[in-house]
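Results of the structural survey
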Amino acid sequence: MEKKHPDLDNIFRKEISDYELSKTKDNWDLLNHLLNEQDRKKKNRKLILFFFSFFTILSTGLFIFLPSKQNAEKEIALPANPTTITKSPSVFHSSESEAPQPAIANQPQENGNEKGSENNSQPISPSTTPSHSGAIETKQNVHTAIIKHSTIANNSNTVKHLSINPEIYLTQETPTVIQDSNKTILSETQMSKSGVSDLPITESNDLISATAPTNEIVNQNPIASDSINANTNNDSSTAVVRQYSPGDSITNEKHSTHFKLITFNFYAGINIYTTSSAARSKQENISPLIGLEFVHSNASHFGIGLGGLYSFQGGYHLSDTASNKNYFLEENTSQQTIQIRQLHKLYFPLTLYYAIAPKHTVSAGAQLSYLLSTNGYYTETNKVSGVITESTKNNVTGYMDGIKSINYSVSVGYKYSLSKTFDWSTRITRELADSYTKDYFYGINTRPSFSIQSFLIIKF
Amino acid sequence: MNIRIKNLLKWLPVLAVCFFFSCKEEHLEPNLPPGGTPEPLVYIRALIDNDSVNFAGGLNSYIGATAVFDTLTHRTFNFSLKNPQQPAQSFFQISINSYKDSLGIAQNDLDSTLYIGTRQYQQANHPFATLSATLTWTDSSGFVFSSSNVPQSNLFSITHVQDVVFDSKNYKKAVVEFKCLIASVHDTLHVTNGKAVILFSVN
């Protein structure tokens, strides 16, 4: 085939070489831009949902897996003066005539300070008077002892066991009454986890005798103290038993040197908000509000809390209608109407607290709300081939078109401490964005609105 | 007890997150039986003595209706397009005789009657002619004009036939073209450029 115009391609190239595409957006560019914007909005929404889910799970995980402070705050009943520690082949046991574990303890009255006893079950000789204090005598190497951080405290008139490990017990005799004319000598024994042994320790072959004077700290030997550290996760809590008089019951006082970093609050309250109907009449509504909040506090006045609240809100009159029609022998119509009456909403407040006084706290924060679902009335009317059918359903859920599922708000509030366990809080919230798609619901106010939330807070 | 409550409350946020993603979103989606069309399906339009007439099912309350007229031995399939709410309004009716002189199974008769081709017009003073067509026009005064009252020199044409199911009922959709004379006891009218999409059924 003969080529009549060999330079035909070059002709077109030359002709269009000077042509430049218009830089202004034509309709296609605009349409493309709008489509991309919709995609971006969808992506942003998914991203926000992801981050809030992530933070919620993270906070939950932190709360669950952080070591509980209460586990470390053990009630420890420690012996009053005098203290007797006895040792059996595998058990140390204090000696007392009423000791509940006679198999592992000998009676101090019987054995006294018989240091030369060959019996491995011989008790550690009790120091029945303060004059015997200040020395710990051991038959074995006490450095191998692992002291368990728990103690069983019996009543004041019976033996109190300090569990060292399953094989070791520290037992206290009935407290000795040291009568002074007008005062009762305070016997205080404190076990400190720092536990550096300051007491003189005397080792012997058969028994350990530890006697602490009144108001004297009985410390474990360093290795035993290390064991305490290992078992209590470096918890520095201390336990103190004070006996004010022989007749008094032992009073355990927990002294925690820790400040609770994360607290866990349960919220129950009401949410007061405004709704509007198609007649443009505003109506105040009250709905229940329930939820949880994790508050991270430091030693200063500040704290920050992340919560999750659920509210079931009624009083709405959001009517949405969709209709469809087609033709066959005649016009066929189908119309569905949903009237949304109630909303299930989740709130995620991020709140900054500032304690202005011991019982008074002010707060400010941001809040994200998420529409979980809706409840409403549903009506469907069909006219097909001249036959009209109508059906109505109550309490249908999940119809959320026209309602913005995510909204943002800011809040300021006040919290009053009613007691150690209960707080009362209230805050005013102002939405930052429209709640509904504009012009979707006829006559409904779509502008951001105020709400007031008031809670009773239970602290754990 | 307190510890149990606390442990339970610990897991509430996890449950809330699960609830967060478990809600099913619903939308209003009105449904109609398939087979319908977004524009009027059936219509009849023509020029009657140079006056344009156009009727469509679903517009101006005009409704298409199908019927089967049986006598002792003859069967006719009919389609009319009129406004039942306003009987005084004019309307069309198109009838096609069955393919045989006896009554069979109605659906089989319909299937055998409607096919693409040209048909003669049925004459009123003639015996029943199988496969013949009749065009009837009733004006707003109630006068009935029929193609059977006048001898015809043109044919009635079926250009397209289709089976349609709507609302669980079977229909035969036919596209027809016609040109004929219609006459009443008082007058005769010329019908030209006639075209229609009509339905037949035995339901």
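Scroll up for the structure.
Report follows, based on the coordinates. (Residues numbered from 1 in each chain as written. Chains lettered and ligands numbered in written order. Predicted model: local features only at pLDDT ≥ 70, side-chain atom pairs only at ≥ 80, totals over all residues.)

**Quick notes on the interface of chain A and chain B**
Listed by partner, the interface residues are 35 residues for chain A and 35 residues for chain B. Elements represented by at least two residues in the side of chain A that touches chain B include exactly α2 (27-65), β13 (302-313), β14 (318-327), β15 (331-357) and β16 (360-384) of chain A. For the side of chain A that touches chain B, the leading source of residues is β15(A), giving 7 residues. Of the residues belonging to the side of chain A that touches chain B, the class tally is 17 nonpolar, 14 polar and 4 charged. (Contact = placed C-beta atoms within 7 Å. Helix = DSSP H or I, 4+ residues; strand = E, 2+ residues; numbered from the N terminus. Nonpolar A, V, L, I, M, F, W, Y, C, P; charged D, E, K, R; others polar.)

**Let's talk about helix α3 (residues 106-113) of chain B**
All names here are of chain B. Residues of α3 that are buried include every one of D109, L110 and T113, and no others. Around the axis of α3, the buried residues are gathered within 100 degrees of arc, so they sit on the same side. Each element contacted by the buried residues of α3 is listed here: β4 (75-82), β5 (91-97), β10 (169-183) and β11 (188-200). (Buried ≥ 20, exposed ≤ 12 C-beta atoms within 10 Å, placed from the backbone. Arc of directions from axis to C-beta.)

**Remarks on the pairing of β5(B)**
All names here are of chain B. Along β5, 7 of the 7 residues are buried, which leaves the element largely enclosed by surrounding structure. The sheet contact formed by β4 and β5 spans 6 bridges and is antiparallel. Paired with T76 across the two strands is N97, which belongs to β5. In this structure, β5 lies alongside strand β7 (residues 133-138), joined through 6 bridges in antiparallel fashion. Bridging from a neighbouring strand, I96 pairs with A133 of β7. (Pairing = 2+ DSSP bridges.)

**Re the nonpolar core**
Ranked by size, the top nonpolar core spans 41 residues in total, and within it B:V42, B:F55, B:I94, B:L135, B:V176, B:I198 and B:F200 carry the most contacts. Those elements that provide at least two residues to this core are β1 (43-48), β2 (51-56), β4, β5, β7, β9 (156-166), β10 and β11 of chain B. When neighbours within four sequence positions are excluded, B:V176 is seen to be in contact with B:I94, B:F156, B:S157, B:I158, B:T159, B:A196 and B:I198. In terms of nonpolar packing, the next biggest core, distinct from the first, is built from 10 residues, A:L318, A:I340, A:Y399 and A:I444 among them. (Core = buried A, V, L, I, M, F, W, Y, C linked by C-beta atoms within 7 Å.)

In short, shape yes, function no, at least from these values alone.
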